[in-house]
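In case you want the letters, here they are:
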Amino acid sequence: MDTLLQDLRYALRLLVKSPGFALVAVASLALGIGANAAMFSVVDRTLLRPLPYPEPERLVLPALASTGGRQGAGIDTITWSFPKYQALRAASGHLFQDVAAFGQSGTTLTGTANPETLRMEVVSAPYFRILGVDAQLGRTFTAAEDSVPLAHPVALVSHELWVRRFNADPALVGRTISLDRTLFTVVGVLPRGFRGLTGRSELWIPMAMAPALEWPEVLEEKWAHWHEAVARLRPGVTLEAARAGMDAVGKRVHEAVPPPGGIGAGDERDAAVVVPLRDARGDPLLRRAMLVLLGAVGFVLLIACANVANLLLARSAARRREVAVRLAIGAGRGRLVRQLLTESVLLALLGAAGGLLVAVWATDVLSALGPERVGEWGIRAVEVLDLRAVGVDGRVLLFTLAVAVLAGLLFGLAPALRATRPELTRDLKEGAGHSERAGASLRALGGRGLLVSAEVALAVVLLAGAGLMLRSFAALRAMDPGFRAERLLTVAVAPLQGKYPDRAAAIALHARLLDRLGALPGVQGVTVDKCTPLSRGCNETIVLGAGSRPLQPETAPMVTFHFAGPDHFRILGIRLLAGRGFTAADREGAPRVAVISRALARELWPGENPVGQKLTSGMGGLEDGEIVGVVDDVQYNGPADAPQPAVYVADLQHTYASAVFLVRTAGDPRALAGAVRRELLAEDPDLPATVRTMREIVSDATSRERYGTSLLSVFAGLALVLAALGIHGVVAYSVARRTRELGVRQALGATPGQLVRLVVGQGAALAAVGLAAGVVAALALTRVLAGLLFGVKPNDPLTLLAISLFLGGAALLAAWLPARRAARVDPMVALRSE
């Protein structure tokens, strides 16, 4: 310990004596280590941190497999209807201790001076028991509250809502609150930080109470796939055993809830699967994007380490005499290596201290620039990561300390070994300032040149990745989503269920709102739907009948299902390909009609005109409805996803109260937001609404791609700067050590231009080696971006050529600056320099 303290004191004195060297080295390391710490904090919260539940490895998400359903944790899955969930629970007792259903919705806290729309989870009673979550105050739900619809409505509130709206009053338990003007008794307050498996909830109500706040049939419709399921494996049941046993469970669910017409079991859509809860923390693309970004900041740190290693190599040349003297008087080589490694680790620790400051700032930037919640990039948002909660904690501190020590050993070992080579006679004769002998060249730079070439190669990989992501994002922005987003205002309304208890009341409300909003000055048209394009939030169902034939479940397509208003397609700018759209005459009492998308027409009636055919859907009350039109495909999920087949029915024939009104305006849609809100309040003072422009929704839909592209571009830019500094430093060092040689060349007739070409050629040679190696590495490593790219291939030659020219130009500029100084060397001064 005494020897270590002695080494530390000596290393600190040396750094104080060389403040310029210390500042440059610490700054380089602070950037590299800080970027890694900030990115690790995001990855840790997203992928690495254990789930905050007892025995989380036994928690799974049962789901139905589907070739056309939602993407979840690497497999295509769909959620459950409530009757199918009940069949699942009855059939899976040998695999699971229990199964719970949960779904996400919105509700309005009413009965106060400031009504507020809140996120809510509707859950079955075993939900909290399965997760191992108990109430902080009061209790959770009982089995009786799970089975008696609408009797004694009860609710649970989050700790955060309890503090924010109820001043952390313990007496809240047992009191009633008004949700959508329905009184619920608060029976418990949940622990701090628990926001449910959807990651956003502040309220919970039992599944049996859902009809009070959702559409009445939510617990009855066999094809309303709205419910997620969570289960805990029985002791002794492995994940593999559960996966094998789910085949039989899927068949029993199919038998218990068969498709209309008695179609037999055995189709792959009704195969049941289980997904570990840990794997559902975001879609696989999110996981890959996070790992790519973590690898990118690792490259930045390697470049920073290479720069510091170069500084140490240059410094070791100046300390050759000191080291030689210490070796001559008996110091062991191992002792000197340890001393030099202590100096490099101290540098790294100082860099880590600065890096933590960088990380604190960077996490704030990550929060400000990123989407509000990373988990919402995936369709199944389980354990959603709120970027605003990302910060530097104990795990990040430990990671930073480990990275600093490893980095110090990494960049310090080679200089330490080189500096302690026993060449005593030569080093004792040469002074510390002895210049390199004439003829120094690229070979004379040795390890320093190789380090710079390695920096360039790493920068090529990062720049190639950033270039590919930029081209992909540009292609995504240029893609035709199937509708016109400009001058479009979206108004999401959630009417109180008690005021609009049936479809007739909902249809009447929608008709009045269409008239009110359509009469506003500056409005060119108003329509309605249950979701907006690019929202990922549309209802889904399957088509059960096409024409005169029932469809086998294995061939029945999964579709997004829409309740569209009159003139819907013209207002949204969706191209009508055949037939007609909806009119005001398509209302309650008229024959049921439907419009389908091009993708569905191609799948069910290839090469035919489906107008006039009949269609039966799993939800929405459409049975033998007449197809009156075909429209172009629209992106309702992510912008990079293939358009899903869609069915549109007339909103004024069959709808639910909650809806999204879409207002086409003559000018800036934001200017009409106030007038729209006033009309809604004039119609219903209790009508909560969320008003956004479609451009904002489009921006949110591309937030994952924009966020990843921005971060990778920043890291690539940092790598470019560090690589250019490395080239500049090596060439500048070479020029300083070759002062005599350059003076002799000038004395013998070399022109300034020839000297510039000589020095720049040295830098160009270093860059060329790095570019060649980097292009080869980029061809191999950019393949990991394949799932993140849209409209561009990972080995795109144009991108590789562009970044090679760009980085080559930056390298030549970095070498040209010291070359100019070399050309200005006075021959007489150079010849007298020794």
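Here the structure is a predicted model, which is why all the values come from computation and not from measurement. (Residues numbered from 1 in each chain as written. Predicted model: local features only at pLDDT ≥ 70, side-chain atom pairs only at ≥ 80, totals over all residues. Heavy atoms only, no water.)

Engineer: So what about the overall build of the chain? Which residues, and what values?
Structural biologist: When helices and strands are counted, the chain shows 24 helices and 23 strands. Considering the chain as a whole, with its 834 residues, one finds that 56% of them fall into the buried category. Considering only contacts in the chain between residues 6 or more positions apart, those separated by 24 or more positions represent 82%. (Helix = DSSP H or I, 4+ residues; strand = E, 2+ residues; numbered from the N terminus. Buried < 20%, exposed > 50% of the residue type's maximum accessible area, 1.4 Å probe, protein only. Contact = heavy atoms within 4.5 Å.)

Engineer: A description of the packing of helix H2 (residues 19–48) against helix H11 (residues 394–419) should follow, citing residues and the corresponding values.
Structural biologist: What describes two packed helices is the angle between their axes and the distance between those same axes. Between H2 and H11, the shortest axis-to-axis distance is 10 Å and the interhelical angle comes to 140°. In this view, H2 runs oblique relative to H11, as classed from their interaxial angle. Regarding H2 and H11, the two cross each other, and that crossing is right-handed. Counted together, Leu-29, Ile-33, Asn-36, Ala-37, Phe-40, Ser-41, Asp-44 and Leu-48 of H2 and Arg-395, Val-396, Phe-399, Thr-400, Val-403, Ala-404 and Phe-411 of H11 form the full contact between these two elements. Of the residues in the contact of H2 with H11, the class split is 10 nonpolar, 3 polar and 2 charged. (Axes fitted to C-alpha atoms, helices over the stretch in contact; angles between N-to-C directions. Parallel < 35°, antiparallel > 145°, perpendicular 65-115°, else oblique. Left-handed = near helix turned anticlockwise from the far one by under 90°. Nonpolar A, V, L, I, M, F, W, Y, C, P; charged D, E, K, R; others polar.)

Engineer: Summarise unusual backbone geometry; cite the residues concerned and give the values.
Structural biologist: Positive phi, normally seen in glycine, also occurs at Ala-168, with a value near 55°. Inspection of the secondary structure assignment puts Ala-168 in the loop between helix H5 (159–166) and strand S7 (176–179). Residue Ala-168 is classed as partly exposed on the basis of its relative accessible area, which comes to 29%. Even without a glycine there, the phi angle at Arg-487 is positive, about 55°.

Engineer: Before we move on, can you summarise the state of the cysteines with the specific residues and values?
Structural biologist: Defined simply, a disulfide is a covalent bond joining two cysteines at their sulfur atoms. All chains considered together, the criterion is met by 1 disulfide. The residue that forms a disulfide with Cys-531 is Cys-538, at a sulfur-sulfur distance of 2.0 Å. In this structure, the disulfide formed by Cys-531 and Cys-538 twists by about 90° around the S-S bond and is classed as right-handed. We classify Cys-531 as buried; its relative accessible area is 4%. (Disulfide = S-S within 2.5 Å.)

Engineer: Provide a residue-level description of the pattern of salt bridges, including the pertinent values.
Structural biologist: Evaluation of the coordinates by the stated rule reveals 21 salt bridges. As a salt-bridge pair, Lys-499 and Asp-684 come within 2.7 Å of each other at their nearest N and O atoms. Here the residue Lys-499 occupies a position in the loop between strand S12 (488–493) and helix H15 (503–518), and Asp-684 occupies one in the loop between helix H18 (673–683) and strand S23 (689–693), the gap between them amounting to 185 residues. Note that Asp-586 and Arg-580 form a salt bridge whose closest N and O atoms lie 2.9 Å from each other. A single network of salt bridges, built from pairs that share partners, joins Asp-480, Arg-575, Arg-598 and Asp-632. (Salt bridge = Lys/Arg side-chain N within 4 Å of Asp/Glu carboxyl O.)

Engineer: Give me a nonpolar patch on the surface: which residues, what numbers.
Structural biologist: Residues Leu-349, Leu-401, Val-405 and Leu-409 make up a contiguous nonpolar surface patch of about 300 Å² in total accessible area. Within the fold, Leu-401 resides in helix H11. (Patch = residues over 30% accessible without salt bridge, like charges linked within 9 Å, V, L, I, M, F, W, Y side chains within 5 Å. Areas by Shrake-Rupley, 256 points an atom, 1.4 Å probe, with all protein chains shown as cover.)

Engineer: Before we move on, could you go through the sheet that holds S23 and cite the residues and values that matter?
Structural biologist: What the 4 strands build is an open sheet, ordered S13-S22-S12-S23; its pairing is antiparallel. Each having just a single partner strand, strand S13 (523–529) and S23 make up the two edges of the open sheet. Between one strand axis and the next, the sheet turns through 20° on average, direction left out of account. Relative to strand S22 (residues 659–665), S13 runs antiparallel, the two sharing 6 bridges. Residue pairing in the sheet places Val-526 in a bridge with Val-663 of S22. Taken strand by strand, H18 contacts S12 and S23, and its axis lies near 30° from that of S12. (Pairing = 2+ DSSP bridges.)

From the geometry alone we can't say anything about function, so treat these as descriptive.
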